Amino acid sequence: MFLSVFDLFKVGVGPSSSHTMGPMVAGARFLDSLREQPFRAHGLRASLHGSLAFTGRGHATDRATILGLAGFVPATIEAEAAEAALAANRDTRTLTPAGLPELRFDPDTDLTFDFGPSLPGHANGMILSATDAQGDVIHQQTYYSIGGGFVLTEQELAARGDDTRSDDAPKVPFPFSSAAEMLEMAVRSGKSIAAMKRANEQVYRSDAEIDKGLARIWQVMRDCMDRGLTTGGILPGGLSIRRRAKGIREALEAERGMNLTAPHVINDWMSTYAMAVNEENAAGGQVVTAPTNGAAGVLPAVIRYWLDHVPGASERQLPEFLLTAAAIGGLIKHNASISGAEAGCQAEVGSASAMAAAGLAAVLGGTPQQIENAAEIALEHHLGMTCDPVRGLVQVPCIERNGLGAIKAVSAASLALRGDGTHFVPLDAAIETMRQTGGDMSEKYKETSLGGLAVNVPNC
């Protein structure tokens with residue numbers, strides 16, 4: 001199994017990798033397919049299903065769908081150009097993607113939120129259509145946004161058959177598809193998890209390209225965090241949630257040097273770092289999926305904690321952190337899910353916490369066995385966590401939840417490093433348990449805002 005570090009860590013925009021980035025990617029892919037057709041289309045339509053319908057407005061899925069059909073993609077979108085395109089669509093009820101004629105698209109009639117049963121392939125489904133001059137459908141494709149910004153067509157999903165895992169065919173030197181295989185290969189080769197992951201990446205990229213890409217990932221993460229740490233105000237969406245990271249950071253900095261500061265204040269730093277990222281995400285800012293937008297704050301918060309608060313930490317080790325984390329994230333996505341709509345928040349913040357715990361254990365000198373233990377501890381103690389965003393917004397409980405995920409990650413890494421890597425529950429068992437728990441979980445608790453906090457706290 002091989003899933004690139006640059007597939008797990010993707011630069012995009014908030015508030016959601018599955019509900020914002022995914023539909024935008026689907027829209028761009030549909031335009032590509034339309035450009036290959038021999039006929040001339042005159043209009044476009046989109047219908048959103050399952051979780052994309054129930055929490056779509058809160059996750060800006062409507063905006064993302066329009067922007068995708070206008071030709072925007074998450075990695076390169078510019079805020080001013082996007083707003084201009086949305087304004088033009090409101091005025092003209094048309095879209096003008098490059099390489100295609102002007103196309104009719106009236107969001108009031110051509111964008112449908114279908115609150116019936118989900119499409120059969122995944123909880124995040126959407127159908128995109130092109131119409132002729134009379135309004136008849138002449139081209140259509142079903143897309144599934146399966147978490148973390150990954151998108152599959154109906155045909156691509158069907159090609160996987162009953163095996164819902166990610167692709168496991170690429171030719172790489174260390175094609176581990178389970179944690180047990182990963183540890184066995186580490187023992188046989190004498191390489192670290194990060195070194196094996198790098199060797200796999202080298203099949204497709206040079207070392208210079210890998211290092212440049214990883215540096216770019218951390219730069220975007222850090223820039224996002226810095227914006228969140230210095231920006232106040234109220235988050236959009238109607239809940240009137242106040243940004244807190246800036247105020248907490250200022251208070252923590254004012255307390256520095258005080259002899260009576262309690263040791264547990266370090267938890268406040270970790271939470272603040274994570275909240276800063278997720279406040280930016282909630283505001284639609286540029287983030288890195290880690291492995292998703294909803295969980296984007298956990299891993300960078302742990303990196304920032306390590307760099308700023310752990311003696312001897314160095315950015316020279318960042319590739320080791322990110323490559324190790326990506327190896328763990330790839331196993332979780334391959335064997336279970338990173339989608340909140342598919343398996344609840346255990347699949348998002350739980351996965352992110354496991355990845356961050358593994359990365360931290362690696363740069364603190366952990367063996368492959370200790371790293372696997374750290375990931376298992378973090379994931380195990382997120383099992384069963386539901387996804388119940390109030391009003392479908394990635395704000396409550398999501399922002400604070402990233403802070404607690406970071407704290408758990410650091411605790412898991414520390415606990416694992418106190419042992420020799422021998423432990424009772426294997427990471428593979430925790431991943432399989434997460435998959436089974438997600439399958440058993442009521443749809444109310446899988447990013448539909450039909451249960452949990454979403455129905456038990458005021459929405460206005």
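Everything quoted here is computed from the prediction, not taken from an experiment.

(A) Focus on the overall build of the protein. Along its length, the protein carries 20 helices and nine strands. Computed over the C-alpha atoms, the radius of gyration of the protein is 22 Å, within 12% of the 23 Å expected from 2.2 N^0.38 for a compact globule of 460 residues. Structurally, the protein occupies a C-alpha span of about 70 × 50 × 45 Å along its principal axes. When contacts within the protein are restricted to residue pairs at least 6 apart in sequence, those whose partners lie at least 24 apart make up 75%. If you sum the accessible surface of the protein, you get close to 18,300 Å²; carbon and sulfur atoms cover 52% of it. Averaging the coordinates of the 38 positive side-chain charges in the protein and doing the same for the 51 negative ones gives two points 3 Å apart.

(B) Spatial organisation of helix α9 (residues 193–201). Among the nine residues of α9, eight are classified as buried, and the element is accordingly described as predominantly covered. When we look at burial in α9, the residues that qualify are I193, A194, M196, K197, R198, A199, N200 and E201. Against α1 (5–8), α8 (179–189), α10 (207–230), α14 (318–335) and α17 (368–380) lie the buried residues of α9.

(C) Spatial organisation of the pattern of salt bridges. Counted by the stated rule, this structure contains 24 salt bridges. The residue R188 makes a salt bridge to E184 at a minimum N-O spacing of 3.0 Å. Placement of both R188 and E184 in helix α8 is noted, with a separation of four residues, approximately one turn of the helix. Judged by its relative accessible area of 45%, E184 is partly exposed. Shared partners join several salt bridges into a network, and the residues in it are R222, D226, R304, D308 and E315.

(D) Examining the nonpolar core more closely. Counting residues in hydrophobic clusters, the biggest one holds 102 residues, and the most contacted among them are F9, M182, L299, I303, W306, I328 and L360. When residues of this core are assigned to their parent elements, the largest contribution, eleven residues, is made by helix α16 (residues 349–363). In this view, M182 contacts F176, I193, M196, I328 and L331; residues no more than four positions away in its chain are not counted. Counting 33 residues, the second-largest nonpolar core is a separate cluster that includes V13, A41, A64 and L95.

(E) Examining helix α12 (residues 265–282) more closely. End to end, α12 covers 25 Å across 18 residues, agreeing with the expected 26 Å (1.5 Å per residue, within 8%). Positive phi appears at G284, one or two residues downstream of α12, with a value of about 85°.

(F) Quick look at the side chain of S271. In this fold, S271 is placed in helix α12. Excluding its chain neighbours within four sequence positions, the residues that come into contact with S271 are G403 and I407.

(G) Focus on the environment of I407. Mapping I407 onto the fold places it in helix α18 (residues 398–417). For the pair I407 and A276, spaced 131 residues apart in sequence, the C-alpha to C-alpha distance is 15 Å. Excluding its chain neighbours within four sequence positions, the residues that come into contact with I407 are N267, M270 and S271.

(H) Summary view of the side chain of S145. Looking at where S145 falls in the secondary structure, it is placed in strand β7 (residues 137–147). Other than its neighbours up to four places away in sequence, S145 contacts S17, S18, G22, P23, H122, N124, F150 and V151.

(I) Structural detail: the environment of D91. Secondary-structure assignment places D91 in helix α5 (residues 79–92). Sequence separation between D91 and D106 is 15 residues; the distance between their C-alpha atoms is 9.8 Å.

So, how was this worked out
Residues numbered from 1 in each chain as written. Predicted model: local features only at pLDDT ≥ 70, side-chain atom pairs only at ≥ 80, totals over all residues. Heavy atoms only, no water. Helix = DSSP H or I, 4+ residues; strand = E, 2+ residues; numbered from the N terminus. Rg over C-alpha atoms; globule rule 2.2 N^0.38 Å. Contact = heavy atoms within 4.5 Å. Areas by Shrake-Rupley, 256 points an atom, 1.4 Å probe, with all protein chains shown as cover. Lys, Arg positive; Asp, Glu negative; His and termini not counted. Charge placed at Lys NZ, Arg CZ, Asp CG, Glu CD. Buried < 20%, exposed > 50% of the residue type's maximum accessible area, 1.4 Å probe, protein only. Salt bridge = Lys/Arg side-chain N within 4 Å of Asp/Glu carboxyl O. Core = buried A, V, L, I, M, F, W, Y, C linked by side-chain atoms within 4.5 Å. Expected span 1.5 Å × (residues − 1).

In short, shape yes, function no, at least from these values alone.
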